[in-house]
Amino acid sequence: MKFPLYFSRKIAFSKDNKNNLSRVIIFIGRLSVALGIIVSLITVSTGFGSKKAIKERLADFSGHVTVKSTRSNSSYNTSVLDNQGLDIKKIRQLPDVESAQKYAMLTGIMRNEHNFAGIIFKGIGKDFDSLRFKKFLLAGATPTITEKGYNNGVVISQKIANDLHLKVKDSIVTVFSRTDQQPIYRKFEVVGIYKTDIKMIDDQFVIGDINHVRKIQDMKPDEVGGIDIFFKDIDDVDGDFPEIEKLIGYKNYAEKATEKFPQITDWISIFDTNIALIIIIMLIVVVINIIMVLLILIIERTNSIGLLKTLGASNSQIRATFINYTLIIMIPGLLYGNMIGLGLILIQKFFGIIKLNPENYYVSTVPVDLNPFVIISISLGILIISGLALIIPSYLISKISPVKAIKYN
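Residues numbered from 1 in each chain as written. Predicted model: local features only at pLDDT ≥ 70, side-chain atom pairs only at ≥ 80, totals over all residues. Heavy atoms only, no water.

Novice: Is there a simple way to think about the pairing of strand β7 (residues 184-194) in this case?
Specialist: Both faces of the sheet carry side chains from a regular strand, because those side chains alternate between them. Across 3 bridges, the pairing between strand β4 (residues 137-140) and β7 is antiparallel. Bridge assignment links Ala139 to a residue of β7, and that residue is Ile193. When strand β5 (residues 153-157) meets β7, the two strands line up parallel, connected through 5 bridges. Residue pairing across strands places Val154 opposite Val190, the latter belonging to β7. (Pairing = 2+ DSSP bridges. Helix = DSSP H or I, 4+ residues; strand = E, 2+ residues; numbered from the N terminus.)

Below, the structure is given as C-alpha cells:
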C-alpha cells in the first residue's frame, strides 16, 4: 500500500482524534457533506420528477405526438386530416409506438341555469384508449364509442363540473356554432368526471363521440381531425419524431405534446436552471467547508508534518496524505446524506406527503424521480470536485519548515 494512503487511513481512524479539535472539525465537515447530498438529491429528484410527471400528463391526455392538418393552424376547430401520404398503419408498426387513436375537435359552450363554460369538445373514436385515460377519472367512466350512431355520453373535467354544478348522470346542453349558420344545440349526459391537474386542459376539454363533431362539421364518416400517437416510453419521442413526419404526408404536420402548450414548456425549462443553480450553491458550500477542514487539520498537525519531513517524506506525499485524510472524512457524510436523502424521497414517492396547488404547479403532489445514475453521479461528483479543490490549499504544507514545525505547539 502506498505511504500517503496508508498514513491517511491510520490518522483518520486513530483514537487520538476523539479527544482534540479534530473531533469538532470532522463533525462539521461530515455534516456539510451530508446536507449537500440531501439537498442535491431532493432538488434533482423533485425537479426531474416534476418535469417528467407534467410531460407524461400532457402526453397521456393528448398523445406524445399529434398529427393535424396544416389547415387547422392554431384553431381548436380541427380541419379534416389529409390522407395523401398519410400511413397510419406504418405509424402503428413503429417499434416504439404503443397506439394511435383518431379524434376531431370543436369549440362550444356548455350552459345551464347555474352558469356557462366555454369548452373544446374532443370527439374520440372506437380506438380510444380508455385504460390510459382511467388514471384521470374521478367518477364514472369514459363513453363506449362504436362510431355507429351517436353516443350522448361525455366526460367533463372537475373544474367544469363544479362551475356548472354537475355530477355523473346529469344532463347538459351544449351550443356549437358554424360560420354563417345558426347555432347547433346538443344535449349530453355526463358519464364521467376527470382531473389532470393541468389548468389549460381542465378548464376547457370535454370528451365525447367523434360522430357529433363529424355531423356538425359536415365531415364524412371516415374522416378525422387528427391522430394522437402514444409511445411506450416518453424518452423515445425525440428519436422517432422525424420518422413520423415522413409518414404523415406534406399537407399534415406533427406536433409534440409539449409544443401544444408553450407556456408549460417555458415553465418546465426553468427547472433546469433552478436545479443547476442549487447544486452549484451546495457544491460551493461543501467545498468551502472541506477546505476549511483541511486547513485546520494541517494547522493542528503541524508537528506531525515537520516530523514526516524530517523522516524524509516529500511535500507531495504529505499533501496526498492530508487530501486522502480529508476525503476519507467525507465518506460517512456521503453515506448518511444518501441514506437520509433517499429516505425522504421514498417517503414522498409512496405517501405523497407534500402537496402542491395544481393551478400553479400542474401537479397536486410533489413528484420524484429516482434515477440510480443521477444519485451515484451526485456523490461521485461532490467527492471528485472536493478532491480537486483540496489540491491548491494543500500547498500550505510546502511552506512549513520542519525545524519550526517540530517546535510548534
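On we go.
Novice: Would you explain helix α12 (residues 315-351) in this entry?
Specialist: For the α-helix, the turn length of 3.6 residues means that residues three or four positions removed from each other point alike. If you check α12, its first and last C-alpha atoms are 54 Å apart, about what 37 residues at 1.5 Å a residue would give, namely 54 Å. Where α12 terminates, the next one or two residues include Gly352, which has phi positive at roughly 55°. (Expected span 1.5 Å × (residues − 1).)

Novice: Mind showing me how you'd approach the packing of α12 against helix α14 (residues 372-389) here?
Specialist: For any two helices packed against each other, the geometry is given by the interaxial angle and the distance between the axes. The geometry of α12 relative to α14 is characterised by a closest axis approach of 10 Å and an angle of 155° between their N-to-C directions. Our classification of the angle between α12 and α14 gives roughly antiparallel. Crossing of α12 over α14 shows right-handed handedness. Contacts between α12 and α14 involve Ile323, Leu327, Met330, Leu334, Asn338 and Leu342 from the first element and Ile375, Ser379, Ile382, Leu383, Ser386 and Gly387 from the second. Across the contact of α12 with α14, the residue classes break down as 8 nonpolar, 4 polar and no charged. (Axes fitted to C-alpha atoms, helices over the stretch in contact; angles between N-to-C directions. Parallel < 35°, antiparallel > 145°, perpendicular 65-115°, else oblique. Left-handed = near helix turned anticlockwise from the far one by under 90°. Contact = heavy atoms within 4.5 Å. Nonpolar A, V, L, I, M, F, W, Y, C, P; charged D, E, K, R; others polar.)

Novice: Sorry, what's going on with a nonpolar patch on the surface here?
Specialist: A contiguous nonpolar surface patch, about 1,200 Å² in accessible area, is contributed by Ile42, Tyr336, Met339, Ile340, Leu344, Leu346, Ile347, Phe350, Phe351, Ile353, Ile354 and Leu370. A per-element tally of the nonpolar patch places α12 first, with 8 residues. Looking at the element boundaries, Leu344 is found in helix α12. Since its relative accessible area comes to 44%, Leu344 is described here as partly exposed. (Patch = residues over 30% accessible without salt bridge, like charges linked within 9 Å, V, L, I, M, F, W, Y side chains within 5 Å. Areas by Shrake-Rupley, 256 points an atom, 1.4 Å probe, with all protein chains shown as cover. Salt bridge = Lys/Arg side-chain N within 4 Å of Asp/Glu carboxyl O. Buried < 20%, exposed > 50% of the residue type's maximum accessible area, 1.4 Å probe, protein only.)

Novice: What is the right way to look at the pattern of salt bridges in this model?
Specialist: It is possible for side chains of opposite charge to pair when their charged atoms get near one another. Inspection of every chain in the model, using the stated rule, returns 16 salt bridges. Notably, a salt bridge pairs Lys122 with Asp228, separated by 2.7 Å at the nearest N-O pair. Here Asp228 lies in strand β9 (residues 226-231) and Lys122 lies in strand β3 (residues 116-124), a separation of 106 residues in the sequence. Judged by relative accessible area, which is 5%, Lys122 ranks as buried. Accessibility expressed as a relative area gives 2% for Asp228, which makes it buried. We note a salt bridge from Lys167 to Asp170, for which the minimum N-O separation is 3.6 Å. One network of salt bridges, in which partners are shared, links Asp60, Glu98, Asp129, Arg132 and Lys135.

Novice: Explain the packing of helix α11 (residues 302-310) against α12 here, please?
Specialist: Between α11 and α12, the shortest axis-to-axis distance is 10 Å and the interhelical angle comes to 145°. Along this stretch, α11 crosses α12, giving a crossing that reads as right-handed. Between α11 and α12, the residues in contact are Ile305, Leu308 and Lys309 and Asn315, Ile318 and Phe322, respectively. Here the contact of α11 with α12 is built from residues that sort into 4 nonpolar, 1 polar and 1 charged.

Novice: Looking at this structure, how should I read the side chain of Ser386?
Specialist: Inspection of the secondary structure assignment puts Ser386 in helix α14. Polar contacts involving the side chain of Ser386 include one to the main-chain carbonyl oxygen of Ile382, which spans 2.6 Å. In this structure Ser386 touches Val286, Val287 and Met330, once residues within four positions along its chain are discounted. (Polar contact = N/O pair within 3.5 Å; in protein donor to acceptor, adjacent residues only side chain to side chain.)

Novice: Would you take a moment to explain the nonpolar core for this structure?
Specialist: A general feature of soluble globular proteins is that nonpolar side chains tend to end up buried together. Of all hydrophobic cores here, the largest spans 42 residues; its most connected members are Met110, Ile156 and Ile229. If you tally residues by element for this core, the top one is strand β2 (residues 97-111), at 5 residues. In this structure Ile156 touches Met110, Ala161, Leu166, Val190, Gly192, Ile193, Tyr194 and Val206, once residues within four positions along its chain are discounted. In this structure, Leu283, Ala313, Met330 and Val368 belong to the second largest nonpolar core, which totals 35 residues. (Core = buried A, V, L, I, M, F, W, Y, C linked by side-chain atoms within 4.5 Å.)

Novice: Teacher, can you tell me more about the packing of aromatic side chains here?
Specialist: Any pair of aromatic rings gets described here by the distance separating the centres and the angle formed by the planes. With the rule as written, the count across this model stands at 13 aromatic pairs. Measuring from centroid to centroid gives 5.7 Å for Phe133 and Phe136, while their planes differ by 75°, and the two rings are edge-to-face. Here Phe133 and Phe136 have matching classes, each one buried. Among the aromatic residues, those joined into a ring-pair cluster are Phe61, Phe128, Phe133, Phe136, Tyr194 and Phe205. (Phe/Tyr/Trp six-rings, centres within 6.5 Å; stacked < 30°, edge-to-face > 60°.)

Novice: Would you mind showing me how to read the environment of Ser314 here?
Specialist: Checked against the element boundaries, Ser314 lands in the loop between α11 and α12. With 32 residues separating them along the chain, Ser314 and Met282 place their C-alpha atoms 34 Å apart. Of the polar contacts made by the side chain of Ser314, one reaches the side chain of Ser316; its length is 3.1 Å.

Novice: Teacher, can you tell me more about the environment of Lys260 here?
Specialist: Tracing the backbone through its elements, the reader meets Lys260 in helix α9 (residues 257-260). Remark: the alpha-carbon pair of Lys260 and Asn152, spanning 108 residues in sequence, is separated by 28 Å. Dropping the residues within four chain positions of it, Lys260 is found in contact with Ser62, Gly63, Thr66, Asp228 and Glu255. Within the structure, the side chain of Lys260 is placed 2.8 Å from the backbone oxygen of Ser62, a separation counted as a polar contact.

Novice: Looking at this structure, I do not really get the confidence of the model for the chain. What am I missing?
Specialist: As a general rule, the predicted coordinates of low-pLDDT regions are not to be interpreted in detail. Residues at a pLDDT of 70 or more form 92% of the chain, whose mean pLDDT is 88. When the elements of the chain are averaged for pLDDT, helix α1 (residues 3-12) gives the smallest value, 64, and β5 the largest, 97. (pLDDT = per-residue confidence, 0-100.)

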